[in-house]
Each structure stands twice: as structure tokens, then as C-alpha cells.
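Listed here are the chains, written in short residue letters.
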Amino acid sequence: MKRIAPLACALAALVAAGCGGGGGGSATTAGSGPVTVQNTKVQVVGGGGEVAGFSPAAIYRQYSPGVVTVISVLPGGGGGGLFGGGTGAEEALGSGFVLDGSGDIATNAHVVTSGTGASIKRASQVYVQFPDHNRVPAKIVGDDPNADVALLKVSPAGLKLTPLPLGNSANLIVGSPVAAIGSPFGEEQSLSVGVISAVNRSITSLTSFDINNAIQTDAAINHGNSGGPLLNARGQVIGINSQIKSTGGGGEGVGFAVPVNTVRRSIGQLKRDGKVSYAYIGVSSVDLYPQLAQRLGIDARTGALVAKVEPGSPAAQAHLRAGTSVITFEGDSHIPKGGDAIVAVDGKPVRGSTDLGNLVASRDPGTKVALSVVNGHNHRTVTVTLAPRPASATP
């Protein structure tokens, strides 16, 4: 049975194998001293914006000092591990990376929280360990379970910080080389390389809403890589390693990273507000494509075919209609029939469910949007006032 798993490493089960990664059983605070910020770059060979070579060794040398190990004490569990037994707490380990010289660090939300949806709880203690084995306490500035992103803060006093530059995940090319750095199974500062094996994937967040535009890679990532950076040939962060798809629980060549443009949005709002707001329309949908549109008699080629409308949602208030029956078409036995198809949002075409999710999520709650809707040969425009996204998606 296939399963998609987050990559945080439960230390209680692995501490005997050295998953703690050094530092003994105590947290070490940094001494006083000036902050040293290294702004480093991977040398780019060639011109015209093209990278002529991919040097994992150069990327590792320049940027691995900015990749950290994140150790969290989470509520629940059986105790034991790094911080003593019998506490009713569980210790977990993941990765992260330095954002700036003031001590901001990015990681996955699931590295510093437990639970899902409305039951998510933050870690009671978080520590960040640097490659030079400085281990310091960290504050959770905020977490975004919808994007699986968290922002941590450490005091920069006495630390040598190497910020990693953020790239752009909008126009990634399948086959481009990538490097992942992190702490798989507690093995700190581990490098693996591969390529972008697919783009525009959807992975499930801690709220069960989809994280769209995820990056698929065959670079080896495993439990403990969570929160670590996925880097392009220039050493720029293009994603945060977050999940693996596996039949046996280990890395099997199919890993997923939250795209950096999503991360950038989350970090910006977490810095400003300590939380991230997402808009919500309240529909479940399936992709509409030309052959299916012809079969259903819908006067459109692409769109998001409404399968379900959540009661009391903006979509319900705007009288959007879900399919009234289900048919089987081209091997899919869950095709809704008789409902609306959303084909544009504020004039921007919707080619499928992912487009609809992206266009809605890019707006703020309270925003009014115009939906272009087709039902059969009937075209209409529906105005919807977007609501805040609930704590978890309806199954």
C-alpha cells in the first residue's frame, strides 16, 4: 500500500542509533559576541542566465553551514530520548535553514508541531543545532499548517550565520539538477543530489487541504530531512523538503518539496502577523477536460467540475451547484454529472482543480471574486465573497 509520510524523525525510537546528532542530553546556549553573517554565492559559469555546470561540492561548501538540525519536544508520546524519560513528551528531529542574519530560520510545520487540523499543538521546546555543534533554544514565531511551513527565531549573539538565498519556483524545468541538505535519520549535514522529476504536484497539508505546485525529486530524502532546503544549481532554495511517497516507509526516489514561492508567502505573513490567512470557497472539484466536457454536454473545454459544495460556505451562499449524480468515464467512477463547472476566476482561466485552488488561495479572506460558471450550455457569472479557510478540510 502506498503512503505519503512527513519526514520528521521520531527520536525516541532512534536515539540508540545516534539520531540525537551529538550535543549530549543538554541544550547549549550561545555565548556573547558579534554576529558574523556570511553572504556567499555559488560561482555561475557561463552567461545569459544559464548555469554551465552543477557542482554539488561547491554548493555544499558554500551553503551547508546555513543548514541546521531542529530538535523538538512535542506533547504526547512515551518520553525518553534526548531530554530525559517519563515526561510524557516525544522528541522529534528535522532540518531547517537560516534565512537572515537576525536569526530567522525556516523549517516544516510538522517538525515543530504534532497532530493535524484543529488538534495541532506546538512543541513545548525547540532547539536548533548548527554545524559547529552550537545548540541554542529557538522560539516558534509562527506556523502555517496549510503550507507545512514554520518560522523559528534564535538569538544571533555569538553565532556564525550563513543565510541561504531564496530562488523562484514558478518556472522550474523537469530534469534540472538539485541538491538536498539535511539530517536524515539524525545524520547531520548530509548531502544528496538528483533532479527535479516532476512539477505541479499536489501534496496533503496538515489541514488536509492540498499544497499545490509541489516539487517532485529523486534526490534521496528520508525521515529527518523535513524542513531542509532543496537547492538548484546556483545554490538557491527552490523548496523545503517535506514528504516522501513510499511502500516501505523509506526514501524510494519519490520525494516532495513545498515550493519556495509558497514558503516565501508564508514566511512573510508569519513575520508580520504570526499566522497565515488563506481564502476559502468551499467546493470540492475534479478536472474538466475536452473529452469529459463533450461526454457531459458542457460548453467548455477545461475547468473545475464541482463535485461537492460545503454547507454554509461562500460557494453555497452563491448558489453554486454540485453534480446530482455520478458516472463512470474513461476508468474514473467518480465523475459528477449535472453540476457547475468553474472555468475562470476574475477572468483568469481555470484549467483544472489546481488552478482553482491557486487562484483562490492567492486572494485574502473577505475578497469578492467573479467566477465564470458553465452548466451545460448555460453561462453565468457568480460573485463570491471568500471566507477564511477552516482548520481542516472535509474528507
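Because the structure is predicted, anything quoted here is derived from the model rather than measured.

What counts and how
- Residues numbered from 1 in each chain as written.
- Predicted model: local features only at pLDDT ≥ 70, side-chain atom pairs only at ≥ 80, totals over all residues.
- Heavy atoms only, no water.
- Buried < 20%, exposed > 50% of the residue type's maximum accessible area, 1.4 Å probe, protein only.
- Helix = DSSP H or I, 4+ residues; strand = E, 2+ residues; numbered from the N terminus.
- Arc of directions from axis to C-beta.
- 1 Å grid on protein atoms, 1.4 Å probe; cavity = no way out; pocket = protein on both sides within 12 Å on 5 of 7 lines; lining within 4 Å.
- Points joined across faces, edges and corners; volume = space filled by probe spheres on them.
- Nonpolar A, V, L, I, M, F, W, Y, C, P; charged D, E, K, R; others polar.
- Salt bridge = Lys/Arg side-chain N within 4 Å of Asp/Glu carboxyl O.
- Phe/Tyr/Trp six-rings, centres within 6.5 Å; stacked < 30°, edge-to-face > 60°.
- Lys NZ or Arg CZ within 6 Å of the ring centre and 35° of its normal.
- Core = buried A, V, L, I, M, F, W, Y, C linked by side-chain atoms within 4.5 Å.
- Contact = heavy atoms within 4.5 Å.

Draft legend 1. Structural view of helix α2 (residues 56-63). By the burial criterion, the buried members of α2 are A58, I59 and Y63. One side of α2 holds all its buried residues, which, seen down the axis, span an arc of 100°.

Draft legend 2. Looking closely at the layout of surface pockets. What the largest pocket holds in volume is close to 1100 Å³. As for the largest pocket, its lining consists of 45 residues, and the residues nearest its centre are D210, N212, G357, N358 and R389. Top contributing element to the lining of the largest pocket by residue count: helix α6 (residues 353-361), with seven residues. Tallied by class, residues from the lining of the largest pocket come to 20 nonpolar, 20 polar and five charged.

Draft legend 3. Looking closely at the pattern of salt bridges. For the structure on display, the rule yields ten salt bridges. Between D346 and R363 there is a salt bridge; the shortest N-O distance is 3.1 Å. With D346 in the loop between β25 (341-345) and β26 (348-349) and R363 in the loop between α6 and β27 (368-375), this pair connects stretches of sequence that are 17 residues apart. Through salt bridges with shared partners, a single ionic network connects D100, D104, K153 and K271.

Draft legend 4. The arrangement of the packing of aromatic side chains in detail. All told, the structure shown has two aromatic pairs when counted by the stated rule. Between F209 and Y280, the ring centres sit 6.1 Å apart and the planes meet at 85°, which makes this aromatic pair edge-to-face. One end of the pair, F209, is in the loop between β15 (190-204) and β16 (210-217); the other, Y280, is in strand β20 (residues 279-280), and 71 residues separate them in sequence. One exposure class covers both F209 and Y280, and it is buried. Ring centres 6.4 Å apart and planes at 35° place the aromatic pair Y289 and F329 in the tilted group. You can see Y289 sitting in the loop between β21 (283-288) and α4 (290-296) and its partner F329 sitting in strand β23 (residues 325-329), a full 40 residues away along the chain. Positioned above the aromatic ring of Y278 is the side chain of R265, whose terminal nitrogen or guanidinium carbon lies 4.7 Å from the ring centre. Between R389 and the ring centre of F209, over which it is positioned, the NZ or CZ distance is 4.4 Å.

Draft legend 5. Structural view of the nonpolar core. Formed by 26 residues in total, the largest nonpolar core has its most connected members in F97, L164 and I267. Among the elements of the structure, α2, β12 (149-153), β16, β18 (237-246), β19 (255-259) and α3 (260-273) are those that each provide at least two residues to this core. Ranked by residues supplied to this core, first place goes to α3 with four residues. The residues touching L164, leaving out its near neighbours within four places in the chain, are Y63, G66, V67, F97, V98, P229, L231 and V237. Listed in part, the 21 residues of the second largest apolar core include A304, V309, L371 and V384.

Draft legend 6. Summary view of empty space enclosed by the protein. This model, assessed by the stated rule, comprises one cavity of 30 Å³ or more. In this structure, the largest cavity occupies an estimated 30 Å³ of space. What lines the largest cavity is simply V67, V68, T69, Q129, F130, P131, E188 and Q189. For the lining of the largest cavity, the element with the most residues is strand β4 (residues 67-75), which contributes three residues. Of the residues contributing to the lining of the largest cavity, the split by class is four nonpolar, three polar and one charged.

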